[in-house]
Amino acid sequence: MVYDVAVVGSGFSAIAETVNLLRLLPPSASIAVVGDDPGFGRGTAYRTELHVHRLNVPAARMSIFADQPDDFVVWLRDQKRGVPPDGFASRDDFGRYLRDRLALLLRNRDTRPTLHFIKAKATACDQCTVGRVAFQLDNGTNLEAANVVLCLGVGNAELPVDPAGVKGILRERIVSNPWRLGWLSHVEPSQTVCILGSGLTMVDQVLALRAHGHRGRIHVLSRRGLASHPHLTRKVVPVVPELPSSREISMILAALRRQVRTGADWRGVMDGLRPLTQGLWQELSHAQKSRFLRHALAWWNIHRHRLAPDVFKRLEALLGDGTVTVRKGFLQTIEEDERQLAFAFRPRGGVGGIRMRADWIINCTGMERAGIAHSPLLRQMLEDGLISADKLGLGICVSRNAQVLDRDGSTQPGLFAVGALTAGQFWEITAVPDIRVQARNVAVAISEYLPGVADI
Ligand SMILES: Cc1cc2nc3c(=O)[nH]c(=O)nc-3n(C[C@H](O)[C@H](O)[C@H](O)COP(=O)(O)OP(=O)(O)OC[C@H]3O[C@@H](n4cnc5c(N)ncnc54)[C@H](O)[C@@H]3O)c2cc1C
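Criteria and cut-off values
Residues numbered from 1 in each chain as written. Predicted model: local features only at pLDDT ≥ 70, side-chain atom pairs only at ≥ 80, totals over all residues. Heavy atoms only, no water. Helix = DSSP H or I, 4+ residues; strand = E, 2+ residues; numbered from the N terminus. Rg over C-alpha atoms; globule rule 2.2 N^0.38 Å. Buried < 20%, exposed > 50% of the residue type's maximum accessible area, 1.4 Å probe, protein only. Contact = heavy atoms within 4.5 Å. Areas by Shrake-Rupley, 256 points an atom, 1.4 Å probe, with all protein chains shown as cover. Lys, Arg positive; Asp, Glu negative; His and termini not counted. Charge placed at Lys NZ, Arg CZ, Asp CG, Glu CD. Near = heavy atom within 4 Å. Polar contact = N/O pair within 3.5 Å; in protein donor to acceptor, adjacent residues only side chain to side chain. Nonpolar A, V, L, I, M, F, W, Y, C, P; charged D, E, K, R; others polar. Expected span 1.5 Å × (residues − 1). Pairing = 2+ DSSP bridges. Axes fitted to C-alpha atoms, helices over the stretch in contact; angles between N-to-C directions. Salt bridge = Lys/Arg side-chain N within 4 Å of Asp/Glu carboxyl O. Phe/Tyr/Trp six-rings, centres within 6.5 Å; stacked < 30°, edge-to-face > 60°.

### Quick word on the overall build of the protein
- A count of helices and strands for the protein gives 13 helices and 15 strands.
- In terms of C-alpha radius of gyration, the protein reaches 23 Å, essentially the compact-globule figure of 23 Å for 456 residues.
- Seen through its C-alpha atoms, the protein measures out along the principal axes to roughly 65 × 55 × 50 Å.
- Scored against the burial criterion, the 456 residues of the protein give a buried share of 55%.
- Considering only contacts within the protein whose residues lie at least 6 apart along the sequence, 69% involve residues at least 24 apart.
- For the protein, the accessible surface area stands at approximately 20,700 Å², while carbon and sulfur atoms represent 51% of it.
- Measuring between centres, the 56 positive side-chain charges of the protein sit 7 Å from its 45 negative side-chain charges.

Set out below in structure tokens:
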């Protein structure tokens, strides 16, 4: 069977794409969803069941439907969760909401396309021609579709150093991918934990450790020691930024700072910039984008990706009582030291190395920027010239309508990508408010190729 559309992936991008296809395609259409994660739609972000893991975007902006922005708020109200529109729901609840909304759409069999779930990973792409994209799956079968949407997310960043000399039980205490939360139940309450990275992933793991009864010391090591700012408890009104005509990154950032100095709340300025960010990014030259990534990214991240206010308060309390300490430095080595792990780092602005010990080392350095290395499928497609890597190392090259570009820069017929893999083209494409728009646009583009759509 050749499906009209195959959606490859099982995180938020995949479920957002699927619900849009279900709404837009005619009942005669067929859709396959290929993914092997339990809990379709949860992906890396929403698979946690810990209530302490909260969304970092207010509920009012987390609807899966771009054209029904209140939908998540309505769901929360129906479920009597007591989270106001500007509050921060648990990520577990968001996962339930996604599942409920898909289930609702699936109920109406006669008026919607056929949907098949295939529990597998796509491992290779054999063919990519007009009207036919063919994949091998790791369950030994093949899949063919006229259109394919890659919703693969990006992997976890590698450990900054190779702990090759660490063996046995101690090696198991170096957690390269913290999103698989199984490691937490093995940490003893009084053990010392070192977390590499000080961003949102670090905060998640600190809260998860506490929820599991951990009461020992937590050392946080990161290159700049910067942690995310909180959202305010009151509503912030977005301020449309006064941007210069120049597309030089330093001029743009200076204009934003000026606006904050004249009294605008910086959160309002960041929020006001949000709808403009994709267009602004596309107008920057390659050199300006590189400058931004080299010099401003760490500051951008802590202002743009903010913490729920009470999550921030908990972190502050743990910093205040010395449970969590943050050090700025560059990790040099991880070695065995009797029954513990020893890690050495060069302090920022200093020389030499400081050596410390911990029972666990958790890699929270974030998501892999390029998003290709973790995926055998993407590596194969890159080798065969079916995709090309973004020059800034931000995923794969796509056109402005998210069609995948091949080695020669030509659009691949019927092959799209959704989510953070497309950050080279869109930059601001990692969170729900942006992905849901992209998913809808891709569904509209696909629906225009398919017969029967004009009639619905
Ligand atoms: C901890 C965390 C919290 C976040 N919180 C928020 C928030 O509060 N609000 C917000 O707007 N955004 C948040 N984000 C941003 C988040 O990245 C997006 O909201 C969204 O979850 C990204 O989903 P995705 O499907 O693109 O990627 P992922 O969630 O990474 O999913 C990719 C999926 O593809 C599957 N896959 C990969 N390769 C294959 C293959 N070859 N074949 C089949 N399947 C494959 C993987 O198994 C995985 O299930 C958060 C991110 C993280 C990591």
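Let's pick the thread back up.
### Considerations on the site of the ligand
- Ser-13, Asp-37, Tyr-46, Asn-56 and Val-432 are the nearest of the 32 residues found near the ligand.
- Between the ligand and Asp-37 there is a distance of 2.7 Å, counted from an oxygen atom to a side-chain nitrogen or oxygen.
- Measuring from an oxygen atom of the ligand, one finds a backbone N or O atom of Thr-430 at 3.3 Å.
- Against a free-state accessible area of 990 Å², the protein chains account for coverage of 89% of the ligand.
- Elements with a contribution of two residues or more to the shell around the ligand: helix H1 (12-24), strand S2 (30-35), helix H2 (43-46) and helix H13 (432-449).
- Here the shell around the ligand takes four residues from H2, the largest share from any one element.
- Looking at the shell around the ligand residue by residue, the class counts come to 18 nonpolar, 10 polar and four charged.

### Some words on H1
- With 13 residues, H1 extends 18 Å from end C-alpha to end C-alpha; this agrees with the ideal 18 Å at 1.5 Å per step.
- Of all 13 residues in H1, 12 are buried, a share of seventy percent or more.
- Looking only at H1, the buried set comprises Phe-12, Ser-13, Ala-14, Ile-15, Ala-16, Glu-17, Thr-18, Val-19, Asn-20, Leu-21, Leu-22 and Leu-24.

### Topic: the environment of Ile-354
- Its location among the elements puts Ile-354 in strand S12 (residues 354-358).
- Considered as a pair, Ile-354 and Ala-344 are 10 residues apart in the sequence and their alpha carbons are 5.4 Å apart.
- In this structure Ile-354 touches Phe-343, Ala-344, Phe-345 and Pro-347, once residues within four positions along its chain are discounted.

### What about the environment of Val-5?
- By secondary structure assignment, the location of Val-5 is in strand S1 (residues 2-8).
- Distance in space between the C-alpha atoms of Val-5 and Phe-345 is 49 Å, their sequence separation being 340 residues.
- Residues in contact with Val-5, not counting those within four places in the same chain, are Leu-21, Leu-25, Ser-30, Ile-31, Ala-32, Ala-145, Asn-147, Val-149 and Ile-446.

### Digging into the environment of Leu-50
- With respect to the helices, strands and loops of the structure, Leu-50 is situated in the loop between H2 and helix H3 (71-78).
- Judged by its relative accessible area of 18%, Leu-50 is buried.
- When neighbours within four sequence positions are excluded, Leu-50 is seen to be in contact with Ala-208, Ala-211 and His-212.

### Brief notes about the sheet that holds S12
- Strand order in the open sheet formed by seven strands is S7-S13-S8-S9-S10-S11-S12, with mixed pairing between adjacent strands. Both edges of this open sheet fall to strand S7 (174-175) and S12, since each of them pairs with a single strand only.
- One ladder, built from four bridges, connects strand S8 (residues 193-196) with strand S13 (residues 360-363); its direction is parallel. The residue of S13 that forms the bridge with Val-193 is Trp-360.
- Running over the sheet, helix H6 (residues 200-211) touches S8, strand S9 (218-222), strand S10 (324-337) and S13 and is turned about 160 degrees from S8.

### Here's the deal with the pattern of salt bridges
- The final tally for this structure, using the stated rule, is 23 salt bridges.
- Its salt-bridge partner being Arg-54, residue Asp-310 comes within 2.9 Å of it at the nearest N-O pair. With Asp-310 in helix H10 (residues 309-320) and Arg-54 in the loop between H2 and H3, this pair connects stretches of sequence that are 256 residues apart.
- Put simply, Arg-42, Arg-81, Asp-92, Asp-93 and Arg-96 are held in one network by salt bridges that share partners.

### A word on unusual backbone geometry
- Of note in the backbone geometry, Lys-80 takes a positive phi value of approximately 55 degrees without being a glycine.
- Relative to the assigned elements, Lys-80 resides in the loop between H3 and helix H4 (91-107).
- For Lys-80, a relative accessible area of 72% gives the class exposed.
- For Glu-338, which is not glycine, the phi torsion reads 50 degrees and is therefore positive.
- Accessibility expressed as a relative area gives 71% for Glu-338, which makes it exposed.

### Observations concerning the packing of aromatic side chains
- Evaluation of the coordinates by the stated rule reveals 14 aromatic pairs.
- Here the aromatic rings of Phe-40 and Phe-117 are separated by 5.3 Å at their centres, their planes lie at 70 degrees, and the arrangement is edge-to-face. Of this pair, Phe-40 sits in the loop between S2 and H2 while Phe-117 sits in strand S3 (residues 114-119), placing them 77 residues apart in sequence.
- Taking the relative accessible area as the measure of exposure, Phe-117 reaches 44% and is therefore partly exposed.
- Ring centres of Trp-75 and Tyr-97 lie 5.9 Å apart, and the angle between their planes is 65 degrees; this geometry places the pair in the edge-to-face category. Linking Trp-75 in helix H3 with Tyr-97 in helix H4, this pair joins segments that are 22 residues apart in sequence.
- According to the relative accessible area criterion, Trp-75 is buried, its value standing at 3%.
- Connected via pairs of aromatic rings, a cluster forms that spans Phe-12, Tyr-46, Phe-72, Trp-75, Phe-94 and Tyr-97.

### Section: the pairing of strand S15 (residues 411-417)
- Most of S15 is tucked away: five of the seven residues are buried.
- Bridge count between strand S6 (residues 142-150) and S15: three bridges; the pairing is parallel. Residue pairing for S15: Val-148 is matched across the bridge by Leu-415.
- The antiparallel hairpin formed by strand S14 (residues 403-405) and S15 contains five residues in its connecting segment, where Gly-409 sits at a positive phi of about 90 degrees.

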